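# Geometric and topological summary
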Amino acid sequence: MMELQTKSASSQGLGQFLLQLKEKCRKAAVPHTFLFLYTAFSIVLKSVVIIAIVNKTHYVFSSWIDMAYIVPTYLVYFAFIFIFLSFSFLLSGKKRFWYFLSFIVAFSTLLLFDLWYFRAFGTFISIHVVKQYANLQNLTGSIMSMGSMLDVLLFLDIPFLIYWCWRRREVYCLAKRSIPACLGLIAFSISYLSYAHYVFDLSDERGQKQFLFEICWTPIQTVTDLSPMGYHLFDAYNYFTDCQQLVLTDADQREIDKWYQDKQENVPDNIYKGMFKGKNLLVIQVESLETFYLKNELDGQEITPVLNRLLKHSIYFPDFYEQVNVGTTSDAEFMANTSVYPVRMGSTYYRYPDNTYNSLPKLFDHMGYSVMAAHPDNRGYWNWMHAMQSIGYDYCIDSNYFKIDEVIGLGLSDGSFLQQLVPYIKEQQQPFFTFLITMTNHGPFELPDKYKTLKVDKKFEGTKMEASFHTVRYTDEQIGKFLDRLDEEGLLDNTVVVIYGDHNGVHKFYNDEIPKIQPAEDWWLTNNHRVPFLIYQKDLPGEEVWTKGGHIDILPTISYVMGVEEKTYSHTAMGRNLLKTNKDFAVLVDGQFVGQAADSQEEEHAVHGLELADKMIRSSYFGKR
């Protein structure tokens with residue numbers, strides 16, 4: 001009897017324990033559900049904020065409303081998030097909380113890097129960019145200058161999550177693994193993404209509302225369609241597929257041949273043809289030199305007195321545009337030397353450093369010139385030396401060839417670099433072709449006070465615009481001293497000097513700051529992607545040519561005045577000779593057509609060059625070394 005009573009009591013105790021455990025589990029489900037939903041909605045909200053910023057939507061609320069009209073957007077956003085959050089159900093106890101916390105921190109940090117990169121380059125960071133780790137050397141100041149105090153808002157949800165979970169820390173010990181929940185979320189997410197991909201990318205409705213798994217002309221649209229998380233997953237997919245060299249089909253080859261054929265113009269030669277044949281050529285690519293600096297003054301002080309003086313003996317193109325992609329400086333260098341648009345994703349120099357091209361150094365080498373390229377930074381910056389040697393520069397000198405006796409900004413100062421370069425140029429056998437780039441006028445435009453010679457209005461005080469006035473004036477002065485030195489050495493009389501800006505600086509990387517400077521003046525408020533391009537020779541009467549152009553037009557224009565036969569480059573140069581053309585346009589990196597086209601076909605042909613250039617580079621169309 002006693003034994004039966006004991007068993008009965010034990011059964012009742014066990015039943016009571018199970019009921020209590022069931023109640024605890026029921027109560028625990030609420031905070032676990034909250035944790036899952038909090039993480040998902042927090043990530044979506046941050047994504048929408050970033051989308052609002054990159055699309056220049058001033059209010060987050062407006063961004064939500066705009067996106068509501070695009071049917072799949074929110075479900076696409078949640079689908080990508082659920083794929084990652086589903087793995088939390090494979091963890092039990094507090095491990096699940098740590099998974100959610102780690103995920104929010106990692107994603108918020110990724111968004112922060114995206115935001116900084118967007119402020120600098122107008123696009124999101126990618127794996128191709130991450131591979132360019134060598135460029136991080138000496139760039140700490142430039143990277144940090146992209147930050148803002150408001151960026152901390154991306155992390156405000158994290159302290160609340162930690163506090164809320166700490167108050168209920170006992171509950172999270174009860175979390176159990178649930179493989180069905182994990183697989184169910186993954187199945188739902190993949191199913192919906194597959195459905196959305198079919199509807200918006202493959203069906204008859206393709207492109208009517210949006211694209212999903214398509215690379216748009218502007219990465220901003222791709223990010224908006226897929227969500228930041230989806231964009232990075234898509235980027236990873238594209239990275240691994242792009243690692244395989246593209247093989248052109250017969251149709252691709254015919255398309256390229258026809259593009260070049262349609263590009264040709266039947267325009268008679270003029271006085272510019274071969275006007276400098278046999279002379280030395282010196283090409284200077286100036287860091288972040290924008291057009292608005294030239295021929296303008298600050299309270300009666302010329303910003304670029306040397307360049308203004310050179311214009312009196314130059315063919316000057318004031319309506320000239322930057323065409324660089326995320327390769328920035330290296331892209332400008334690449335286009336000037338090859339007359340080919342850069343690759344659409346990542347940096348051409350990093351992704352395809354072994355590609356060869358029909359380039360300026362090869363054209364001038366065939367004409368008997370000695371050829372040299374010089375760079376004041378290390379050879380790994382933008383993979384410079386390797387890529388330049390592939391392009392055709394057999395003799396390249398970098399910072400290892402110079403005494404690092406004065407560091408300003410990223411590295412060796414323009415003043416020291418240009419003065420130390422003179423002996424190398426003097427040693428070259430004439431006629432020579434020397435290509436070089438400057439570096440001091442790089443953001444955030446740091447310059448020792450002893451070199452600041454301009455008196456700048458107080459309204460610019462503390463701004464990057466003020467800093468850039470000082471650095472561009474400094475670089476301008478150093479170019480003047482450099483040319484004076486060449487003149488003293490007896491080299492300038494027989495030398496043509498080409499100067500152009502690689503890309504916008506203050507208007508590219510710090511444009512959000514400019515409208516805050518008041519009162520504003522039209523001449524510095526906007527620059528519209530313009531960079532100067534001039535061809536100088538001591539005895540040349542100055543003139544301005546208002547034909548629109550860009551970096552890919554440098555090679556054919558220089559070649560024409562230097563006496564290079566057109567037949568040697570007309571079949572490979574994507575640019576136009578700006579001194580022998582009836583066309584007046586430039587195509588920017590985002591596919592924007594600037595100028596006037598004879599008809600819609602001409603505009604489509606010009607913009608299509610971006611896509612074809614990408615194919616040619618990825619397929620090593622011109623060869624590999």
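Quick caveat: nothing in here was measured; it's all calculated off a predicted structure. (Residues numbered from 1 in each chain as written. Predicted model: local features only at pLDDT ≥ 70, side-chain atom pairs only at ≥ 80, totals over all residues. Heavy atoms only, no water.)

### With respect to the overall build of the chain
Of regular secondary structure, the chain possesses 21 helices and 16 strands. Residues counted as buried form 56% of the 625 residues belonging to the chain. Within the chain, counting contacts between residues at least 6 apart in sequence, those at least 24 apart form 76% of the total. Accessible surface for the chain amounts to roughly 28,200 Å². Of this, 57% is attributable to carbon and sulfur atoms. (Helix = DSSP H or I, 4+ residues; strand = E, 2+ residues; numbered from the N terminus. Buried < 20%, exposed > 50% of the residue type's maximum accessible area, 1.4 Å probe, protein only. Contact = heavy atoms within 4.5 Å. Areas by Shrake-Rupley, 256 points an atom, 1.4 Å probe, with all protein chains shown as cover.)

### Remarks on the confidence of the model for the chain
Confidence along the chain averages 86 in pLDDT terms, with 84% of residues attaining 70 or more. A low-confidence stretch, residues 21-28 stays under pLDDT 50, and its non-local contacts, those more than four residues away or across chains, total 3 contacts. (pLDDT = per-residue confidence, 0-100.)

### Notes on the environment of Ile284
If you trace the backbone, Ile284 turns up in strand S1 (residues 280-286). For Ile284, a relative accessible area of 0% corresponds to the buried category. Sequence separation between Ile284 and Val498 is 214 residues; the distance between their C-alpha atoms is 6.1 Å. Excluding anything up to four places from it in sequence, Ile284 contacts Leu436, Thr438, Phe482, Val497, Val498, Ile499 and Tyr500.

### Structural notes on a nonpolar patch on the surface
Together, Phe87, Leu90, Ile179 and Leu183 make up a nonpolar patch on the protein surface, roughly 350 Å² of accessible area in all. Within the fold, Phe87 resides in the loop between helix H3 (73-85) and helix H4 (94-121). (Patch = residues over 30% accessible without salt bridge, like charges linked within 9 Å, V, L, I, M, F, W, Y side chains within 5 Å. Salt bridge = Lys/Arg side-chain N within 4 Å of Asp/Glu carboxyl O.)

### Topic: the packing of aromatic side chains
Inspection of the entire model under this criterion finds 38 aromatic pairs. Ring centres of Phe320 and Phe533 lie 4.8 Å apart, and the angle between their planes is 40°; on these two criteria the pair is classed as tilted. On the criterion of sequence distance, the pair formed by Phe320 in strand S5 (residues 320-321) and Phe533 in strand S12 (residues 533-536) is long-range, its members being 213 residues apart. Comparing Phe320 with Phe533 shows no difference in burial state: the two are buried. Pairwise contacts between aromatic rings join Phe36, Phe41, Phe78, Phe82, Phe89, Tyr99, Phe100 and Phe188 into one cluster. Above the plane of the ring of Phe585 lies Arg576, whose end atom (NZ or CZ) is 4.5 Å from the centre. (Phe/Tyr/Trp six-rings, centres within 6.5 Å; stacked < 30°, edge-to-face > 60°. Lys NZ or Arg CZ within 6 Å of the ring centre and 35° of its normal.)

### Looking at the environment of Leu555
One can find Leu555 in helix H20 (residues 554-561). When the C-alpha atoms of Leu555 and Gly575 are compared, they prove to be 7.6 Å apart, with 20 residues separating the residues in sequence. Discounting chain neighbours no more than four positions away, the residues touching Leu555 are Ala336, Asn337, Thr338, Ser339, Asn358, Ser359, Leu360, Leu363, Tyr569 and Ala573.

### Some thoughts on the packing of helix H16 (residues 414-427) against helix H17 (residues 464-488)
Contact geometry for H16 and H17: axes closest at 9 Å, N-to-C directions at 20°. If you check the angle between H16 and H17, you find them roughly parallel. Considering the relative orientation of H16 and H17, their crossing is right-handed. Along its contact with H16, which presents Asp414, Gly415, Leu418, Gln419, Leu421, Val422 and Ile425, the element H17 presents Tyr474, Thr475, Gln478, Ile479, Lys481, Phe482, Arg485 and Leu486. Broken down by class, the residue content of the contact of H16 with H17 amounts to 8 nonpolar, 4 polar and 3 charged. (Axes fitted to C-alpha atoms, helices over the stretch in contact; angles between N-to-C directions. Parallel < 35°, antiparallel > 145°, perpendicular 65-115°, else oblique. Left-handed = near helix turned anticlockwise from the far one by under 90°. Nonpolar A, V, L, I, M, F, W, Y, C, P; charged D, E, K, R; others polar.)

### What to know about H20
By the criterion of burial, H20 is predominantly enclosed, with 8 of the 8 residues buried. Residues of H20 that are buried: Ile554, Leu555, Pro556, Thr557, Ile558, Ser559, Tyr560 and Val561. Immediately beyond the C-terminal end of H20, within one or two residues, lies Gly563, with a positive phi of roughly 85°.

### As for the pattern of salt bridges
Applying the stated criterion to the full structure yields 22 salt bridges. Taking the shortest distance from any N to any O, the salt bridge between Glu255 and Lys615 comes out at 3.6 Å. Taken together, the positions of Glu255 in helix H10 (residues 250-263) and Lys615 in helix H21 (residues 600-618) put the pair 360 residues apart, joining distant regions of the chain. Given a relative accessible area of 28%, Glu255 falls into the partly exposed group. The residue Lys580 makes a salt bridge to Glu566 at a minimum N-O spacing of 2.8 Å. Here the residue Lys580 occupies a position in the loop between H20 and strand S15 (584-587), and Glu566 occupies one in the loop between H20 and S15, the gap between them amounting to 14 residues. A relative accessible area of 26% means that Glu566 is categorised as partly exposed.

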